[in-house]
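Chain by chain, the residues run as shown.
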Amino acid sequence: MLKDLALALEQKWHFRKLHQIHDALFSSSDMEKHPLKGNASIPMSSPASYQAFGDKQQSNGQGQGHSKGGGRGVSVSSDDDMLDVTASGMSDHIIHDELAASHCGGVTFGGVGDSDDIPGIGQYDDFHTIDWQRDIARDRMRHRYIVKRRQNSVLDLVKGAHDAWSGWLCVLLVGILTGAVAGVIDIGATWMSDLKYGLCPQAFWLNREQCCWSSNETSFDDKGNCSQWLMWSEVLIEAKEGAGAYIISYVFFISWALLFALLAAALVRMFAPYACGSGIPEIKTILSGFIIRGYLGKWTLIIKSVGIMLSVSTGLSLGKEGPMVHIACCIGNILSYLFPKYGRNEAKKREILSAAAAAGVSVAFGAPIGGVLFSLEEVSYYFPLKTLWRSFFCALVAAFVLHSINPFGNEHSVLFYVEYNKPFLFFELIPFIALGIIGGVIATLFIKANIRWCKFRKVSRLGQYPVTEVLVVTAITAVLAYPNPYTRMSTSQLIYLLFSQCEPKSYGLCDYNVESIPGKSGAHFTPGPEMFSAVWMLVLALVFKFVTTIFTFGMKVPCGLFIPSLCLGSIVGRIVGMGVQALAYHYPNVWIFSGECSSANSQCITPGLYAMVGAAAVLGGVTRMTVSLVVIMFELTGGVRYIVPLMAAAMASKWVGDALGREGIYDAHIHLNGYPFLDSKEEFEHTALAADVMQPKRSEPLSVLTQDSMTVDDVQALLKDTEHNGFPVVVSRESQYLVGFVLRRDLNLALENSRRTLEGIRGNSLVLFVTTPGLAPAPGMPPQLKLKKILDMAPITITDQTPMETVVDMFRKLGLRQTLVTHNGRLLGVITKKDVLRYIKQIDNEDPSSVLFN
């Protein structure tokens, strides 16, 4: 069968010839000087697997391991050293995740109508950096081939049309499924959260709000309950109030929280270790061109969806909005394999993942436009205009599906819809900017403290007991949260309360005494005694949420950071708003209040607006978002007229955050985990040349192949003695003039296949990478092995005097894996993405060994 496949491929001489020209024009290769685990050989797929039909960039062996105790998995890559997945909690069985991805096969040149796909071609192994230029060139050639065949038959015309709209169909399916999954998660999380307080005896599967809908009552009592909903104290001792009822409710609150936390941590540990955390740092790394097998797989999708419902229900200081981006990208990754155009091309697949990230934010906040801008500003590395349109469409579909499901039970598709519409006053820009400064300070303190704690978790024995850590943090959180009504309720309910105007149940936030002023029309609102106690409880809630979020974010359960950040900011904003309101009451004749506030015919200050602005300030300081943050906030609340206060606070927060610390929380976790991410927003400020960074240095020998003077034994000895993932091909060792570049994987496949398919190949057979006229085998000598088809004759090259600013821009904008360094055409060395990242770490006085990976 192998010989038949080889013969069939030989018959496609026109395809192979054209692809040989393509390789010479567009392809780039990879060389790395870092150890590959055990120098394992590449498994054989077929005799013709070495033919240059597509992208051949698999590493030598998967090499995933799991050590005892620390849970430190190791995997080997071509671009990258070893990955410390302690932060991700990877286990051995994750190798089998995303089976469809690893077995989807390669891409024949035509890509359409060919049934003899070669497994492995066009695929990457775990922890590889993709080659953007080669993948994009492959897609261009595939597209030209399809367009050329449209005139042949009606079937080819239909196939061409399917290829043209397959991207729109894919993002349509992603949007539909993302909206449906988000609706299920919202409903499930609300039901389990309410389960901590009581249940609906007649229909236990209903949450508190739905239970009361099933009754004929149209109003709730002052405790927010209807007769259909029973608290646990009512179920057991038929009492709502009193010491016994309080203790029973307290015990059930803690017990349910511990049960949910145990289930969430156990599911993540046993079935999908990649399902922990927020996922956005890894999504940013994946969208920049990195491969993490299993991170967007089906088991991760299932466990993260179930785990985020359990995690939110525990009452921990986390949110489900960040993980929704991860869940949406899992859906996008899985559905992309239904369309070979995307499933078999990693660069094209990232267009679907960018659209999926937009859909994730769209369903998380009910903010489709903000989701598109979030994908553009925060997570996507390559975002062409076509991807912008599809992301918009995907986010729109997802929001429509979620609105149809109506998980929030109202006519609004947003989380925190505000009902006030009063304009802000001009002088209020001063406290709004002050909120931005406070938000930047709080965000910087949080980032530094959280990163310090995560580093301690990685190096201490604490990282060996992730489930125990989750249970301990949950127990402490539940015990301390219940006595304070602001921390007892869910974080989303608290944010909605702080954003809102006065309601019947405001926990003292709206305790006003209404007074009439002689000689003036209207009423005057004076703070009541409950308002002062509410401020102190809010201060305690702020400290509690700040401390618990530091220890919660990064645990081995699904956990997001959007909602905790919004909560911190809304508490600060509400306190500041109440303070400004008190100043306006006590000093109505001060010139800044002398306008509308001096008339005292209404409340001129809206504390809920300050809560909204404060939430944007802290979230902006934590994530360093600006444009997308403002759009998300006004979509989230419906407060379109408050764009200017939100913009002022967001910019002030970003400036303060950048002044106190360079990185947002996601970039900080990327660097903590050692992911190979070159931030396109950062500038390379150091003066250096390519010769300063290239490897090996000038005094060290360079491992190369010669174009026509090495035997099979020589090549095998070089493969055995070195661990590079690719080798430059030069004219001779003396001249070092560059001819091309060949991948280690292709070389291994070529040597193995030659022994099976060619007669007479022996150890002293001459290996030819170029066609040399007149160089025929001497009489009695074995036949020559010609490997010109696997040679990349147009690798990306630079000179040794190229400034590193240019080199870094090439890596960022072209998506390079490596570039060869030459001088007057003579090869000097190579610079990989790993070398660039290590050099940046070194000149920033950081540990360069932390790159790729800890």
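So, how was this worked out
Residues numbered from 1 in each chain as written. Predicted model: local features only at pLDDT ≥ 70, side-chain atom pairs only at ≥ 80, totals over all residues. Heavy atoms only, no water. Pairing = 2+ DSSP bridges. Helix = DSSP H or I, 4+ residues; strand = E, 2+ residues; numbered from the N terminus. Buried < 20%, exposed > 50% of the residue type's maximum accessible area, 1.4 Å probe, protein only. Contact = heavy atoms within 4.5 Å. Arc of directions from axis to C-beta. Patch = residues over 30% accessible without salt bridge, like charges linked within 9 Å, V, L, I, M, F, W, Y side chains within 5 Å. Areas by Shrake-Rupley, 256 points an atom, 1.4 Å probe, with all protein chains shown as cover. Salt bridge = Lys/Arg side-chain N within 4 Å of Asp/Glu carboxyl O. Axes fitted to C-alpha atoms, helices over the stretch in contact; angles between N-to-C directions. Parallel < 35°, antiparallel > 145°, perpendicular 65-115°, else oblique. Left-handed = near helix turned anticlockwise from the far one by under 90°. Nonpolar A, V, L, I, M, F, W, Y, C, P; charged D, E, K, R; others polar. Phe/Tyr/Trp six-rings, centres within 6.5 Å; stacked < 30°, edge-to-face > 60°. Core = buried A, V, L, I, M, F, W, Y, C linked by side-chain atoms within 4.5 Å. pLDDT = per-residue confidence, 0-100. Disulfide = S-S within 2.5 Å.

In this structure, what is going on with the sheet that holds strand E12 (residues 785-786)? I would like to understand it.
Strand pairing within a sheet occurs via backbone hydrogen bonds; the two strands may be parallel or antiparallel. Taken together, three strands build an open sheet; the order of strands is E8-E11-E12 and the sheet is mixed. Looking along the sheet, the strands with just one partner apiece sit at the ends: strand E8 (710-711) and E12. Summarising the sheet, E8 and strand E11 (residues 766-768) pair through two bridges and their orientation is antiparallel. Within E11, the residue paired with Met 710 across the bridge is Val 767.

Please clarify how the side chain of Thr 552 should be interpreted in this entry.
Along the chain, Thr 552 falls in helix H20 (residues 529-552). Residue classification places Thr 552 among the buried positions, given a relative accessible area of 0%. Apart from the residues lying within four places of it in its own chain, the contact partners of Thr 552 are Leu 316, Ser 317, Leu 318, Val 473 and Cys 559.

Quick question: what am I supposed to make of the environment of Gly 297 here?
Within the element layout of this structure, Gly 297 appears in the loop between helix H9 (280-287) and helix H10 (298-313). Here the alpha-carbon distance between Gly 297 and Gly 332, two residues 35 residues apart in the chain, equals 10.0 Å.

Please explain helix H27 (residues 712-721) as it appears in this structure.
Residue pairs three or four apart in sequence face the same way in an α-helix, which turns once every 3.6 residues. Considered for burial, the residues of H27 that qualify are Val 712, Val 715, Leu 718 and Leu 719. Each buried residue of H27 sits inside an arc of 125 degrees when the element is viewed along its axis, so together they form one side. Facing away from the buried side of H27, by more than 90 degrees, are the exposed residues Lys 720 and Asp 721. Structurally, H27 contributes buried residues whose contacts are with strand E7 (705-706), E8, strand E9 (726-730), helix H28 (744-757), E11 and E12.

Any chance you could explain a nonpolar patch on the surface here in plain terms?
A grouping of Met 270, Phe 271, Trp 299, Ile 302 and Val 306 is seen on the molecular surface, where their side chains present a nonpolar patch of about 450 Å² in accessible area. Of all the elements in the fold, those that place two or more residues in the nonpolar patch are helix H8 (243-271) and H10. Looking at which element gives the most residues to the nonpolar patch, the answer is H10, with three residues. By the secondary structure assignment, Trp 299 is in helix H10. Accessibility expressed as a relative area gives 39% for Trp 299, which makes it partly exposed.

Would you take a moment to explain the pattern of salt bridges for this structure?
For side chains bearing opposite charge, pairing can occur when the charged atoms are close. Going through the model one piece at a time under the given rule, you end up with 17 salt bridges. Between Asp 163 and Arg 142 there is a salt bridge, and its shortest N-O distance comes to 2.5 Å. Linking Asp 163 in helix H5 (residues 154-195) with Arg 142 in helix H4 (residues 132-149), this pair joins segments that are 21 residues apart in sequence. With respect to burial, Asp 163 and Arg 142 carry one shared label: buried.

Can you help me understand the packing of helix H14 (residues 368-379) against helix H23 (residues 627-637) in this one?
Orientation of H14 relative to H23, taken along the N-to-C sense of each, is 165 degrees, at an axis distance of 8 Å. As the angle between them shows, H14 and H23 are arranged roughly antiparallel. Like other packed secondary-structure pairs, H14 and H23 cross with a definite hand, here left-handed. Every residue of H23 that contacts H14 at Pro 368, Ile 369, Gly 370, Leu 373, Phe 374 and Glu 377 is listed here: Val 627, Ser 628, Val 631, Ile 632 and Glu 635. A per-class count over the contact of H14 with H23 returns seven nonpolar, two polar and two charged.

Help me understand the packing of aromatic side chains, please; the structure alone is not making it clear to me.
Remark: the centre distance and the inter-plane angle together describe each pair of aromatic rings, the angle taken between the planes. With the rule as written, the count across this model stands at 21 aromatic pairs. The interplanar angle of 15 degrees and the centroid separation of 4.8 Å between the aromatic rings of Tyr 250 and Tyr 482 together place this pair among those described as stacked. A residue pair is termed long-range when its members are at least 10 positions apart, and Tyr 250 in helix H8 and Tyr 482 in the loop between helix H17 (466-481) and helix H18 (485-488) qualify at 232 residues. As far as the burial class goes, Tyr 250 and Tyr 482 line up, both buried. Judged by centre distance (5.9 Å) and plane angle (70 degrees), the ring pair of Tyr 381 and Phe 677 falls under edge-to-face.

How do you make sense of the pairing of strand E15 (residues 826-832) when you look at a structure like this?
Working note: regular strand, side chains alternate between the two faces of the sheet. For E15, the tally of buried residues reaches five of seven residues, placing the bulk of the element in the interior. With antiparallel pairing between neighbouring strands as the criterion, strand E14 (residues 818-823) and E15 make up a hairpin whose turn holds two residues, including Asn 824 at a positive phi of roughly 55 degrees.

Help me understand the nonpolar core in this model?
Phe 365, Phe 374, Phe 499, Leu 566 and Met 633 are the most contacted members of the largest nonpolar core, which totals 134 residues. For this core, the element with the most residues is helix H22 (residues 607-623), which contributes 11 residues. When neighbours within four sequence positions are excluded, Leu 566 is seen to be in contact with Phe 365, Phe 416, Ile 495, Ala 615, Leu 619, Met 633 and Leu 636. Judged by nonpolar contacts, the second largest core, of 22 residues, contains Ile 670, Ala 688, Val 808 and Val 821.

For this particular structure, what's the right way to read the sheet that holds strand E10 (residues 738-743)?
With respect to topology, three strands assemble into an open sheet ordered E7-E9-E10, the strand pairing being mixed. On the outer flanks of this sheet lie E7 and E10, each paired with one strand and no other. Where E7 and E9 come together, two bridges link them in parallel fashion. For Leu 705, the partnering residue across the bridge sits in E9 and is Val 729.

Mind showing me how you'd approach the environment of Leu 751 here?
Position of Leu 751 among the secondary structure elements: in helix H28. Note: C-alpha distance between Leu 751 and Leu 785 (34 residues apart in sequence) is 8.7 Å. Once you skip the residues sitting within four places of it in the chain, Leu 751 turns out to touch Val 712, Val 715, Gln 716, Leu 719 and Leu 785.

Help me understand the confidence of the model for the protein, please; the structure alone is not making it clear to me.
If pLDDT is low for a region, its predicted coordinates should not be looked at in detail. Confidence in the prediction of the protein, expressed as mean pLDDT, is 77, and 77% of residues score 70 or more. Of the regions scoring below 50 in pLDDT, residues 1-122 engages in 361 contacts with residues more than four places distant in sequence or in other chains. Across residues 218-223, where pLDDT falls below 50, the model places seven contacts with residues more than four positions away in sequence or in other chains.

Is there a simple way to explain the state of the cysteines in this structure?
Disulfides are covalent bonds that connect the sulfur atoms of two cysteines. In this structure the tally under the stated criterion is zero disulfides. Cys 170 takes part in no disulfide bond, and the closest cysteine sulfur to it belongs to Cys 394, at a distance of 8.4 Å. Unpaired in this structure, Cys 276 has its nearest cysteine sulfur neighbour in Cys 559, at a distance of 7.5 Å.

Would you explain the environment of Asn 673 in this entry?
With respect to the element layout, Asn 673 can be found in helix H25 (residues 665-673). Judged by its relative accessible area of 4%, Asn 673 is buried.

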